[in-house]
Amino acid sequence: MAARTARAAANGSAQRAPRSQWGRAVRREAAAAGSGCRAAAAMPECPELHLAGRFINGACGALVFAGAVERSAVGRGPEVPFRSDAYSISAVARGKELRLTLSALDPAAGPSAQDLVFRFGMSGSFRLCPAAELPRHAHLRFLTRESPPRALCFVDPRRFGSWRLGDAWQPERGPCVVSEYQAFRENVLKNLDDRAFDKPICEVLLNQKYFNGIGNYLRAEILYRLKIPPFEKARTVLEALKEQEQERRKKDPSLTLSKKVKLKRENADLLELCHTVPMEVITAEKQLLDPEHSDAYSNFKKWLQCYLVPGMSSLRDRSGRTIWFQGEPGPMAPKGQRPRKTPRKKSPQLKADPEAPSPKVTPRASKQRRRAAANPPKAEEEEEEKEEQGGQADRPRKGRARGRRAVTAAPASPEEPLSVRRSRRTSARRGQGAAPAV
């Protein structure tokens with residue numbers, strides 16, 4: 001261990017951009033909970049992208065890179081036609097995209113700047129590590145000029161992430177909920193006539209044309225905090241918000257900035273939470289997403305109030321993504337589905353005794369139980385009334401016994417077992433040892 005630590009100090013220990021460290025554990029817990037959660041549950045959202053950009057600027061700002069950009073054979077992106085003897089790397093994030101800029105330190109002698117725009121997919125991240133110890137699934141690598149060299153790697157185990165050449169953001173993506181909040185808000189409120197808002201609010205929150213940066217865990221947390229049913233119509237929710245904002249401006253046109261901030265905190269709406277909830281994750285980077293922090297995963301679980309929290313319900317929306325919520329799902333919930341609850345942790349008192357023998361259930365007994373569940377027994381009062389009236393058991397049989405006179409069996413004492421009572425009743429019907437006719 002000491003030798004490994006010394007070697008890491010000499011070569012420059014591996015560093016990893018803050019990312020969704022809880023991805024694999026989330027998928028494992030979701031599978032255990034039966035929630036149908038897929039790998040998309042761990043998809044990096046705008047907090048992870050912004051923190052990745054912050055990591056690159058901080059860790060690589062003073063580094064000099066050199067040579068060509070290396071690409072793996074299975075990377076989902078083009079070859080990068082950039083080579084320089086000395087260049088720098090900077091990053092900026094916008095919603096669910098991150099742009100790298102490769103700039104030659106000597107613009108006159110080197111190539112022109114090269115931009116790359118990344119999408120992280122479900123498992124993408126950036127790491128800075130020794131070039132001799134590249135991590136698995138490092139699909140794009142930028143090597144430093146130092147000796148021994150290090151590599152800034154785009155790592156993507158599931159290979160849903162990608163990159164493209166150029167500096168243009170995807171045109172169908174709207175303003176970022178974190179870095180372009182005011183433009184994001186205006187973009188939503190002025191386009192409420194769009195047919196996209198005919199859908200449930202939980203599905204619209206994943207529409208990157210209007211909510212660039214919001215993903216699965218963020219939408220669950222935002223809707224839960226506002227107590228909005230996930231399958232309420234989006235336009236219904238947002239039109240009410242628009243009316244409230246107009247009324248607020250009419251009533252208090254001369255509010256100072258500090259009073260406006262205070263009012264927003266006390267009466268935060270859905271669009272404001274689309275900004276403030278991701279900012280909570282970004283602000284608490286060291287505690288929630290830092291891979292070097294030993295309690296990052298447990299801290300993130302504590303921060304979550306709804307997503308994968310025991311006791312919450314879940315449904316699949318029409319795009320196949322699982323939404324967690326509390327209470328009623330809303331009027332636009334998918335038909336044919338019943339909300340599934342994430343099970344709570346069992347208390348120690350409720351655990352079964354491991355030494356107690358488990359009762360054996362025969363196929364006949366299990367069939368009888370299923371019949372009993374399908375046809376629940378009647379109340380005890382009805383059973384007693386049926387017995388007092390004679391019931392079906394004491395009627396004469398059809399066939400050969402049709403011409404015989406009815407015979408009433410002698411009443412059995414309460415202490416006699418049921419088998420004895422049945423044998424007496426049967427023998428009475430057959431005329432063998434029957435009681436005298438009444």
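Heads up: these notes are all about the structure in this document. Small disclaimer: the values here were computed from a predicted structure and weren't measured.

Thoughts on the packing of helix α3 (residues 46-60) against helix α9 (residues 270-283)
1) Next: The interhelical angle for the contact between α3 and α9, taken along N-to-C directions, is 40°, at an axis separation of 9 Å. Classified by the angle their axes make, α3 and α9 are oblique. In this structure, α3 crosses over α9, and the sense of that crossing is right-handed. Of α9, the residues touching α3 (which contributes Cys46, Pro47, His50, Leu51 and Arg54) are Pro278, Val281 and Ile282.
2) Next: Grouping the amino acids of the contact of α3 with α9 by side-chain chemistry returns 6 nonpolar, 1 polar and 1 charged.

A few points about the sheet that holds strand β4 (residues 83-94)
1) Next: Taking strand neighbours across the sheet as the criterion, the 5 strands line up as β2-β4-β5-β6-β10 in an open arrangement whose pairing is antiparallel. Of all strands in the sheet, those with a lone pairing partner are β2 (65-68) and β10 (162-165), marking the two edges. Here the average twist between neighbouring strands, direction ignored, is 35°.
2) Next: By the bridge criterion, 4 bridges tie strand β6 (residues 114-119) to β10 in an arrangement that is antiparallel. Residue pairing in the sheet places Phe118 in a bridge with Trp163 of β10.

Some thoughts on the pattern of salt bridges
1) Next: Applying the stated criterion across every chain yields a total of 12 salt bridges.
2) Next: A salt bridge links Arg94 to Glu180, with the shortest nitrogen-to-oxygen separation between them at 3.1 Å. With Arg94 in strand β4 and Glu180 in the loop between β10 and α4 (181-189), the pair connects residues that are 86 residues apart, well separated along the chain.
3) Next: According to the relative accessible area criterion, Glu180 is partly exposed, its value standing at 28%.
4) Next: Across the pair Arg173 and Glu97 runs a salt bridge whose closest N-O atoms are separated by 4.0 Å. One end of the pair, Arg173, is in the loop between β10 and α4; the other, Glu97, is in strand β5 (residues 97-104), with 76 residues separating them in the sequence. Accessibility assignment for this pair places Arg173 and Glu97 in one class, buried.

As for the pairing of strand β7 (residues 125-130)
1) Next: Extensive coverage of β7 is indicated by the burial of 6 of its 6 residues.
2) Next: Where β7 and strand β9 (residues 150-155) come together, 6 bridges link them in antiparallel fashion. Looking at the pairing, Pro130 lines up with Arg150 of β9.

Some points on helix α6 (residues 216-226)
1) Next: When you tally the buried positions in α6, you get 9 out of 11 residues, the bulk of the element.
2) Next: When we look at burial in α6, the residues that qualify are Asn216, Tyr217, Leu218, Arg219, Ala220, Glu221, Ile222, Leu223 and Tyr224.
3) Next: In this fold, the buried residues of α6 make contact with α3, α5 (201-204), α9, α11 (296-303) and β12 (322-325).
4) Next: Looking one or two residues past α6, Lys227 carries a phi angle of roughly 55°, positive in sign.

Regarding the pairing of β5
1) Next: Within β5, 7 of the 8 residues are buried, leaving the element largely enclosed by the surrounding structure.
2) Next: Across 8 bridges, the pairing between β4 and β5 is antiparallel. Counted as the bridge partner of Ile89 is Leu102 from β5.
3) Next: Between β4 and β5, which pair antiparallel one after the other, the connecting turn spans 2 residues, and Gly95 there sits at a positive phi close to 60°.
4) Next: Sheet analysis places β5 next to β6, joined by 6 bridges and oriented antiparallel. Residue pairing for β6: Arg99 is matched across the bridge by Val117.

Each value, and the rule that gives it
Every chain's residues receive numbers from 1 upward, in the order its sequence appears when written. In keeping with the model being predicted, local features are shown solely for residues with a pLDDT of at least 70 and side-chain atom pairs are shown and tallied solely at 80 or more, while totals for entire chains, interfaces and linings include all residues. Water and hydrogen atoms play no part in the side-chain values, which are based on all heavy atoms of the structure. Only the contacting stretch of a helix is used when fitting its axis, a line to C-alpha atoms as for every element, and angles between N-to-C directions run 0 to 180 degrees. Put simply, DSSP marks the helices as runs of H or I at least four residues long and the strands as runs of E at least two long, and each gets a number from the N terminus on. Should an angle fall under 35 degrees it is called roughly parallel, over 145 degrees roughly antiparallel, and 65 to 115 degrees roughly perpendicular, with every other angle called oblique. If you view the pair so one helix is near and one far, a crossing is left-handed when the near helix is turned anticlockwise from the far one by less than a right angle, and right-handed when it is turned clockwise. Contact between two residues is taken to exist if any of their heavy atoms lie within 4.5 Å; hydrogens are not considered. Just so you know the grouping, Ala, Val, Leu, Ile, Met, Phe, Trp, Tyr, Cys and Pro go in nonpolar, Asp, Glu, Lys and Arg go in charged, and all remaining residues, Gly too, go in polar. Here, strands pair whenever DSSP counts at least two bridges between them. Each reported salt bridge corresponds to a side-chain nitrogen of Lys or Arg within 4 Å of a carboxyl oxygen of Asp or Glu. Burial status follows relative accessibility: with a 1.4 Å probe on protein chains alone, a residue under 20% of its type maximum counts as buried, one over 50% as exposed, and anything between as partly exposed.

Keep in mind that these numbers describe shape and distance, not what the molecule does.
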